[in-house]
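Structural characterization, general
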Amino acid sequence: MNESALLLEGEVIDKGKGAAKKRTFPATATFATHTMDPRRISILDFTYSLPEDRIAQHPLSERDASRLLVYQEGKITDTSFQHLPDFLSPNDLLVFNDTRVIRARLLYRKPTGSRIELLVLDPANGIDPTQALQVTGTAEWLSLIGNAKRWKSEEPLVWELQLAGRAIQLEAIKGDKQDDAYIVRFNWNSPETFGEILEAIGRMPLPPYMDRDEEPEDAERYQTVYARLPGSVAAPTAGLHFTERVFSKLREQGIGVDWLTLHVGAGTFKPVKSPTMQEHPMHRERLIVRREMIERLLHAHESGRVIAVGTTSLRTLESLYWLGCRVLAGKPEAEVCIGQWEPYESQNDVPVQDALTALLRRMDESNRTAISGHTQLLIAPGYSFRVVDGLVTNFHQPESTLLLLVAAFIGSDWRTVYHHALANGYRFLSYGDSSLLWRKHGAQ
C-alpha cells in the first residue's frame, strides 16, 4: 500500500463491545479546508486507516520510554519522550490535568445469571464528583448500563461483599433514562464512602478499543503519576508518559508546570454518527481551575508559551478565555458552562490578557479562589485558538472529536503527522506513543 492510500482508503476499525465493526470509506474521500462554520464539517473528512495491531493494548514497561513525535511548522522530528524538555524553553508553562480515574465499572449478576454492567459517569444531583464520592449510605449516579433491557426499573440488584471485616450489601436500582444513560440509586449498609466501595469492587474503565479485561498493571498505569482529584471515567492519557525523571528535567531547565482539573467523561469515546458536526452533541465535562493557575497562565502568555498536556487541558484553557469574554460582556453567571458552539457564534476579538484579567477580577469580587463549572466546547477546524501554543497528546481514533481538535490545531498537516506516525511504527491511542504539536498560526 502506498503512502497516500494509507490514509485515503481502507477499513476503519470501530472497536465496540464484541466483534470489531468495519466501516469502509472510498479512496476518493475529500479533505476540504473549512474556513466556514465548522458545523458543516463532515467527520468522513477526518478518517484514516488504523490497523488493529497499531492500537496499544498494554503500556510500555517504563512510562517515559514511549516515542515522541515533534511537529513544528511542517517539520517532524522523531525522538523519545524523555527528551520532551529539550524542545521547550525557560518561561514556557506546561498545564496538566490532575483528575484521577475512578474504578467506575461495576459488574452485577441477576439471580437468573444475566450480567448487568454499570459504568458510573457523573453524580445525578450535579455536585462535584470528588464530593459525591465522599457520601455514605446512598448515592445517585448517572450511569451507562450494559444489558439494560434485562434489568427492570425499580428492580434491585444486590452485590454482597466483604470490606474492613464487615459484610456489606450494595444495592442498585435503575431509575429514569437520560439520553444514553440512566439514573441509578445505590444503597449500602456500612459507614464506607461510595468512593471507598468503588475502589474495593469496581474495575478500571478501560476504553472500548482495549479489547481485553483489566489486568493488575492497569490500576497504576491507567493513572498519571500526579493524579489527585477523583472523578474521571477515562484517563487524561497525554499525561501517562510523565515521570519524576521528566519533571526533574523540566525544573532544571526553568520550565513551569501547573495543574487544572477536568473530569473526563465517557463521551470522549463517543463516536460521531451524524452526517455533519451540527447534529453531534458534544459531551459536557466538569472543570475546576484555581486562581493561582490563571495568574500563572496570564504571566506565561506574556513572557513565554503555554503548552497543554492533553486535549482535556487544552479545552479547559480555551474555555477560560470564553468565560473571561462573558465577564467583559456583562453576561449573568446562572451557570458556568461554555456551550458547544459559543465561540463560533461570537465575533469576539478580545485580547487574551483582557479576558483572563477580567476573570480574575470577577473571582476577587465574588471572593472565589477557584472556578468550578462545565465545558461543552467543541474545537474543530475553523476555531481560532487564543490561549494555547503547544499540545502534548497521543494519537487519536479516526472520526473522533479529538482528531478534529488536532486538525484545528495544526491545520491540514494533521494528515502528514498521522501518515508519518503510521509509516514509522508509532503506537496509537491511550497506551500508545506521544506527540508534541506546535500550533500552526492561521490554521483552519
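Residues numbered from 1 in each chain as written. Predicted model: local features only at pLDDT ≥ 70, side-chain atom pairs only at ≥ 80, totals over all residues. Heavy atoms only, no water.

1. A look at the overall build of the chain
Within the chain one finds 10 helices and 20 strands. Over its C-alpha trace the chain gives a radius of gyration of 22 Å, about what one expects of a compact globule, namely 22 Å for 444 residues. With the principal axes as the frame, the chain shows a C-alpha extent of 60 × 60 × 45 Å. Classification of the 444 residues of the chain by burial places 58% in the buried group. Across the chain, contacts joining residues at least 24 apart in sequence account for 75% of those joining residues at least 6 apart. (Helix = DSSP H or I, 4+ residues; strand = E, 2+ residues; numbered from the N terminus. Rg over C-alpha atoms; globule rule 2.2 N^0.38 Å. Buried < 20%, exposed > 50% of the residue type's maximum accessible area, 1.4 Å probe, protein only. Contact = heavy atoms within 4.5 Å.)

2. What to know about the packing of helix α6 (residues 291-303) against helix α8 (residues 352-365)
Running from N to C, α6 and α8 cross one another at 160°; their axes reach a closest spacing of 10 Å. Taken together, the axes of α6 and α8 lie roughly antiparallel to each other. The handedness of the crossing between α6 and α8 is left-handed. Residues Arg291, Ile294, Glu295, Leu297, Leu298, His301 and Glu302 of α6 form the contact with α8, whose participating residues are Val352, Gln353, Leu356, Thr357, Leu359, Leu360, Met363 and Asp364. Of the residues belonging to the contact of α6 with α8, the class tally is eight nonpolar, three polar and four charged. (Axes fitted to C-alpha atoms, helices over the stretch in contact; angles between N-to-C directions. Parallel < 35°, antiparallel > 145°, perpendicular 65-115°, else oblique. Left-handed = near helix turned anticlockwise from the far one by under 90°. Nonpolar A, V, L, I, M, F, W, Y, C, P; charged D, E, K, R; others polar.)

3. Observations regarding the sheet that holds strand β12 (residues 181-188)
Here we have six strands laid out as an open sheet, ordered β7-β8-β9-β12-β11-β10, and antiparallel in their pairing. On the outer flanks of this sheet lie β7 (105-109) and β10 (156-163), each paired with one strand and no other. If you compare each strand with its neighbour and ignore which way they point, the axes differ by 40° on average. Note that strand β9 (residues 138-146) and β12 share six bridges and pair antiparallel. Each residue of the ladder has a partner; that of Thr138, found in β12, is Asn187. Contacting β7, β8 (115-123), β9, β10, β11 (166-178) and β12, helix α3 (residues 194-201) runs over the sheet at an angle of about 80° to β10. (Pairing = 2+ DSSP bridges.)

4. Quick notes on the state of the cysteines
In the structure shown here, the tally under the stated rule is zero disulfides. Take Cys325: it sits in no disulfide, and the sulfur closest to it among the cysteines is that of Cys337, at 16 Å. Under the relative-accessibility criterion, Cys325 is labelled buried at 5%. Looking at Cys337, the relative accessible area reads 12%, which means it is buried. (Disulfide = S-S within 2.5 Å.)

5. Observations concerning the side chain of Ser434
Examined against the element boundaries, Ser434 turns out to sit in strand β20 (residues 434-438). Residues within four places of Ser434 in sequence aside, it is in contact with Arg67, Leu68, Leu69, Phe81, His241, Val392, Thr393, Asn394, Phe395 and Tyr426.

6. A look at the pattern of salt bridges
The final tally for this structure, using the stated rule, is 21 salt bridges. A salt bridge links Arg439 to Asp389; the shortest N-O distance between them is 3.5 Å. You can see Arg439 sitting in the segment after β20 and its partner Asp389 sitting in the loop between β18 (370-375) and β19 (390-394), a full 50 residues away along the chain. In this structure, Arg439 and Asp389 share a single accessibility class: buried. (Salt bridge = Lys/Arg side-chain N within 4 Å of Asp/Glu carboxyl O.)

7. A few points about the packing of helix α7 (residues 311-328) against helix α9 (residues 401-410)
Axis separation between α7 and α9 bottoms out at 11 Å; the angle between their running directions is 65°. Judged by the twist between their axes, the crossing of α7 over α9 is left-handed. Listed contacts from α9 to Thr311, Leu314 and Arg315 of α7 are Leu402, Leu405 and Phe409. Residue composition of the contact of α7 with α9, by class: four nonpolar, one polar and one charged.

8. A word on unusual backbone geometry
A positive phi is found at Asn147, a non-glycine position, where the angle reads about 70°. Asn147 gets classed as partly exposed once you look at its relative accessible area, which sits at 34%.

9. Some words on the nonpolar core
Leu317, Leu320 and Phe428 are the most contacted members of the largest nonpolar core, which totals 84 residues. If we skip the residues at most four places from it in the chain, Leu317 touches Val95, Leu260, Met293, Leu297, Val306, Ala308, Val387 and Val388. Among the nonpolar cores identified, the runner-up in size contains 35 residues, and Leu118, Ile145, Leu163 and Ile197 belong to it. (Core = buried A, V, L, I, M, F, W, Y, C linked by side-chain atoms within 4.5 Å.)

10. Regarding α8
A rise of 1.5 Å per residue sets the reference length of α8, with its 14 residues, at 20 Å; its end C-alpha atoms lie 20 Å apart and thus fit the reference within 8%. Those residues of α8 lying buried are Val352, Ala355, Leu356, Ala358, Leu359, Leu360 and Met363. Each element contacted by the buried residues of α8 is listed here: α6, α7 and β18. One or two positions beyond α8, positive phi appears at Asn367, with a value near 55°. (Expected span 1.5 Å × (residues − 1).)

11. Some points on α9
Across the 10 residues that make up α9, a large majority, 10, are buried. Looking only at α9, the buried set comprises Thr401, Leu402, Leu403, Leu404, Leu405, Val406, Ala407, Ala408, Phe409 and Ile410. At its buried positions, α9 is contacted by β3 (67-72), α7, β19, α10 (414-423) and β20.

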